[in-house]
Amino acid sequence: MKKKIRDLFLLGLLCLGITQLLLAQDVTVKGKVTDEKGEMIPGASVTVKGSQQGTLTDAEGVYSIDVAGNATLVFSFLGYLKEEVPVSNRSKIDVSLKTDTKALEEVVVVGYGTQRKVETTGSIASVKAADLVQTPVANIAQGLQARVAGVQINQNSGSPGGNISVRIRGTNSINGSSEPLYVIDGIQVSNGGGITDVSPLSTINPNDIESVEVLKDASASAIYGARAANGVILITTKRGKNGATRVTYDGYYGSQKVNKTLDVLNASQFAQLENEVFKNNYYPDPASLGEGINWQKLIFRKAPIQNHQLSINGGSEKTQLAISLNYFDQDGTLIGSQFQRYSYRLNLDHRISKNVKIGTSILGSYSIANGIQTGGTNIGDGGAVLSSVLGAAIGAPPMLQPYRPDGSIFPFGEQAGGQYREVVNPLNFSAVLNKRSIKRTLANIYGEVSLFKGLTYRASFNLDQKGELFDGYSPRSIVNKSDLNDNSGSGTKANSNYLALLHESILTYSTTFAKNHSFKATAVFGTQLEQGNSNTMSATGFPNDATKNEAMQLALTRTISSGRSSQRLDSYMARVNYGFKDKFFIDVTARADGSSKFGANHKYGVFPAVSAAYRIIEESFMKDISWLSDFKVRGSYGITGNAGGIDPYQSLATVASGNSYMINHTYVTGIEPTGIANPDLRWERSKQANIGIDISLLNNRISVIADVYHKKTDDLLYVKTLPLSSGYGAITGNFAALQNKGLELAVNARILDGKLKWDVSANTTINRNKVLGLDGGVTTERFMTTYTVLKVGQPLGMFKTYVFDGVNQTGETILPGYDGRIGGHKVKDITGDGQITAADQVLVGNPNPKFIYGFSTNLSYAGFDLAAFISGSQGNDIYNASRLSFENPLGQRNLLAGVADRWSPTNPSNQYVSGFQGGRLPITNYVVENGSYLRCKNLTLGYTVPKFKGLQGIRLYVSANNLFTITKYSGYDPEVNTYAGSNTVIGVDNFVYPQSKSFLGGIQVTF
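Remember, it's a predicted structure, so these values are computed and weren't measured experimentally.

Right, let's get into the overall build of the chain. Broken down by element type, the chain carries 10 helices and 49 strands. Against the compact-globule benchmark of 30 Å for 1007 residues, the chain has a radius of gyration of 33 Å, which places it among compact chains. For the C-alpha atoms alone, the extent of the chain along its principal axes is close to 125 × 70 × 65 Å. Residues counted as buried form 50% of the 1007 residues belonging to the chain. At a minimum sequence separation of 6, the contacts of the chain that also span at least 24 residues come to 68%. Surface accessibility of the chain: about 44,200 Å² in total, with carbon and sulfur atoms responsible for 57%. One way to put it: in the chain the 96 positive side-chain charges average out to a point 7 Å from where the 82 negative ones average out.

Structure, rendered in structure tokens:
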């Protein structure tokens, strides 16, 4: 009996072995891959599970592959769910892949809620968190640059933590703000400030961001009413998720250096020029002086940059938690500049019961910015070398010395017999204390109750609190000894505090009925209080530099000032969303805002919007077009407001401290009227129409989004001149109008989706703006600077000057009307009347680009990933004002190298003028340059280490940022604007802090 059992067992093993042997033998499997409608799918991937073996279907959807009889085939294609099929020794296997419906279910954040992406009717662009931090940025807006069509972002200053200008669909104001509204986890934050200010967005850690949505048209942004004319950027931070707790460390370290320096005259060339200008022989042997000091090498440096973040994320079905700690440190490439940020984030969500949920979001930061003065507004005179470290470095005589023998900074007035008192040692700027310390907290607490099926009430309480301390001190040690007096040594301490409290009650009802109809209604009430206060103490005449500005009482002269402001905004909003069969969608929005800032006759404004979308792809006649995955047409019209340009109390009659008067032998400070009441003062209004299409091709492998828009902004804030008989110089009112219209195009493509993955994205924006009215029709043109003009019928910021016509040569006639000379610049007589007058000034340049663009590509294979990102601007002009100062050989300061080829009787240059003491260059288009550029913003190579026990993932990477820039512009950086934040003076370069090139290495570890 036992033998029979043994024989049967051995026979079974033999049969099993034979079966396995037969199954292990290679078989040729053929078949077809189709979709749910039976259409063939060319290019579908057919791979053997657990191996590198695979093939693709041909144009007819047919495949053939040799595999082991016991293998498992994996069928996949973009836009479809994967299918695994055991071969089981079969020779024919046909597969029908099911559509991946995730694309239809993708959710985007909109104002006061979310929507499926397929349901959106407005113009909304989304940016992934990974794209935001692909480059090492201190500011959220930097990560958005060139990634969203219709959004123009300029890095006004390359200083660490420096200011950034963001324009969504063009500049929308003249005197008001054109910056968009930022909403961070429901907390509303505004950006602004000048060229040397620290951007408010730099206090927020970009690594904490989960997603960014840009609301561009009126239907998407009207829900924010009086603050939405410039567009809205919604920022959602990372929240906790169900599952095991994950701990992630993300850090990088690198080095930065300036992209270029400018060529200047060396010591020999400078000495020769000095002899010519002053017609003396102060330098008897210029050639013996050689190259001299390269001052740019002394002010520029290689600077480190580092970032470290520790994140904890996890939770249960009831409670989810996300915590992060971050340290960011960036030294500037200009000596004396640095930005540091310490920040934390806490996001907590807890479900008390099935119907009740509570949570909080807290972002806190402490940032320290040490600045250095760049970007002055003086041109053509000595002020150009006194107001900027870059101007001082270009103008510094190359034979002077930077340091005394004891290592202290050597003032120029103490060298060369005091001959160069009009220029300053560039190192002086690094000795000046210019420090801003900012503490900021953004906090949100919410409670959410499900009242009954489909109806939800959410109450949120938001806080934005900021405290800023400015420390400034200019030491006595950098003053020439002969110039020391009772005012030497100056210090400043300024404290400012800002508090915004916002409560919002949100009621949302969502339902579906009759199977094919969806309905959603949202109602919001919000009330916001903003308060600010500041106090400033300034002093001059310190006995020494020992205490800097920490002992203001030691100074001989002290002044103080203080201020306080308060404003309130009450809002009521309603929105209705209707959808039919995922084919037709209609959204209607209306918001009413009441602000204490507005005039008595216009306390409330109403901002309505309507939009609709039609997904043509859902029509039956489109079903046979297999290459078309989605086709949606959108249209919208709405009105939004801009209250950001109105400061508190501008609608009221105001007074301020004035002159001091002697009354009864005592000085008394008088109070004088400063502002006339305007009860009709109100927000700026933008009326915007938008038509767009969303197209997806080849099973969502390629997507195209295109929008055409027209936006007219009425009631623009404008300062109108009043007759002197009124007792006031001007009044602020809604007197002007502006128009923007343009085209946006964005394309995304997944070219390869197998083991080798490759995707590309590109976008371009064409925007045209035009001034429609100024001063209520009284005037049609107004000079904002000596070379920039506002003109009805023209774009903002146009350059208007005389026309450069070469250099006056020997024997030529000097036309009357300007200070011309032989060997000096001449200007063209446009009118032909034989003299130079204001009528000869014409428009000579446009700082607005013809189009802007961005391109990115990502490759990944076997753990390696390669990413590149390019941005650019085309067709814009730059007014290189610094050349008016440093191609003008007036003596006592160094110049750009081209001046070595200056005019002389034996060298009749037609570009560079001859040396002339105290001379000036006329304001002409001589310095208007092509500002177009293409910049490689980022190139990153990474490798993800295969997972092993105890670690979920490790990625190592190296990155190059601002790797190269292709441009014809002669200055430091074509991405520039001295008048940062201005809507009317743009595209001007007067030695702004240039952007830097950086190389870094990083690691990302998840436990």
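Across soluble globular proteins, nonpolar side chains show a tendency to be buried alongside one another. Membership of the largest hydrophobic core comes to 34 residues, with the highest contact counts inside it found for Ile299, Leu334 and Leu390. Elements represented by at least two residues in this core include exactly α6 (267–278), α7 (295–299) and α8 (389–395). The dominant element in this core, judged by the number of residues it contributes, is α8, at five residues. Apart from the residues lying within four places of it in its own chain, the contact partners of Leu334 are Ile299, Phe300, Arg301, Ile372, Thr374, Val389, Leu390 and Tyr993. Leu132, Val166, Ile184 and Leu442 belong to the second-largest nonpolar core, a separate cluster that totals 25 residues.

Pairing analysis gives 24 bridges linking strand β24 (residues 490–513) to strand β25 (residues 517–540), with the strands arranged antiparallel. Bridging from a neighbouring strand, Thr492 pairs with Ser538 of β25. Where β25 and strand β26 (residues 557–580) come together, 24 bridges link them in antiparallel fashion. Note that in β26 the partner of Val524 across the bridge is Met573.

It is worth spelling out the pairing of strand β1 (residues 26–34) at this point. As judged from the seven bridges shared by β1 and strand β4 (residues 62–68), these two strands associate in the antiparallel manner. The residue of β4 that forms the bridge with Asp26 is Ala68. Bridge count between β1 and strand β7 (residues 95–96): two bridges; the pairing is parallel. What sits directly across from Val33, in β7, is Val95.

With that settled, consider the pattern of salt bridges. Two side chains bearing opposite charge may form a pair once their charged atoms approach each other closely. As enumerated under the stated definition, the model contains 36 salt bridges in all. In this structure, Glu468 and Arg436 form a salt bridge, with 3.1 Å as the shortest nitrogen-oxygen distance. Here Glu468, found in strand β23 (residues 455–474), pairs with Arg436, found in strand β22 (residues 433–452); they are 32 residues apart in sequence, far enough to count as distant. Note on Arg436: relative accessible area 18%, which makes it buried. Measuring nitrogen to oxygen at the nearest pair gives 2.7 Å for the salt bridge that ties Asp865 to Arg955.

One pass over the full model with this rule turns up 22 aromatic pairs. Seen from their ring centres, Phe328 and Phe339 are 6.3 Å apart, and the 55° between their planes marks the pair as tilted. Taken as a pair, Phe328 in strand β19 (residues 319–331) and Phe339 in strand β20 (residues 338–351) lie far apart in primary sequence, 11 residues in all. Given the relative accessible area of 1%, Phe328 is considered buried. Each ring, one from Phe851 and one from Tyr853, has its centre 6.0 Å from the other, and the planes form 40°; the classification is tilted. We classify Phe851 as partly exposed; its relative accessible area is 31%. Put simply, the rings of Phe300, Phe886, Tyr972 and Phe991 touch in pairs and so form one group of aromatic residues. Its end group placed over the ring of Tyr366, Lys439 keeps NZ or CZ at 6.0 Å from the ring centre.

Sheet architecture is open: three strands sit in the order β45-β44-β48, paired in mixed fashion. Of all the strands in the sheet, the pair left with one neighbour each is β45 (928–930) and β48 (988–989). As paired strands, strand β44 (residues 877–880) and β48 are joined by two bridges and run parallel to one another. Looking across to β48, one finds that Tyr879 is bridged to Val988.

Judged by side-chain polarity, Ile751, Leu752, Leu756, Trp758, Leu859, Tyr861, Phe864, Leu866, Leu939, Leu941 and Val958 come together as a nonpolar surface patch covering roughly 910 Å² of accessible area. Looking at the element boundaries, Trp758 is found in strand β35 (residues 757–773). A residue is classified by how much of its surface remains accessible, and Trp758, at 31% relative accessible area, is partly exposed.

About the cut-offs
Think of each chain on its own: its residues are numbered from 1, step by step along the sequence as written. Residue-level local features of this predicted model are given only where pLDDT is at least 70; pairs of side-chain atoms are given and counted only at 80 or more, and the full residue set underlies all totals for whole chains, interfaces and linings. As a rule here, side-chain values come from all non-hydrogen atoms in the structure, and water together with hydrogens is ignored. For the purposes of this entry, the term helix denotes a DSSP run of H or I that reaches at least four residues, the term strand denotes a run of E that reaches at least two, and both are numbered from the N terminus. Put simply, the radius of gyration uses C-alpha atoms, and a globule should come to 2.2 Å times the residue count raised to 0.38. Think of it in three bands: with a 1.4 Å probe and only protein chains considered, a residue is buried below 20% of the maximum accessible area for its type, exposed above 50%, and partly exposed in between. Any pair of residues with heavy atoms lying within 4.5 Å of one another is described as a contacting pair. Per-residue and other accessible areas follow the Shrake-Rupley method at a 1.4 Å probe size, with only the shown protein chains counted as cover for residues. Counted charges follow a simple rule, with Lys and Arg positive, Asp and Glu negative, and His plus the chain ends left uncounted. A charge is said to be at NZ when it belongs to Lys, at CZ for Arg, at CG for Asp and at CD for Glu. Working definition of a nonpolar core: buried Ala, Val, Leu, Ile, Met, Phe, Trp, Tyr and Cys residues. They are joined through side-chain atoms within 4.5 Å. Paired strands are those between which DSSP finds at least two bridges. Put simply, a salt bridge is a Lys or Arg side-chain nitrogen that is within 4 Å of an Asp or Glu carboxyl oxygen. Only the six-membered ring of Trp is used, alongside the rings of Phe and Tyr, when aromatic pairs are assigned; centres must lie within 6.5 Å, and planes under 30 degrees apart are stacked while those over 60 apart are edge-to-face, with the rest tilted. We call a charge positioned over a ring when the NZ of a Lys or the CZ of an Arg lies within 6 Å of the ring centre and within 35 degrees of the ring normal. Excluding any residue in a salt bridge, patches collect residues exceeding 30% relative accessible area, merging like charges within 9 Å and nonpolar Val, Leu, Ile, Met, Phe, Trp and Tyr side chains within 5 Å.

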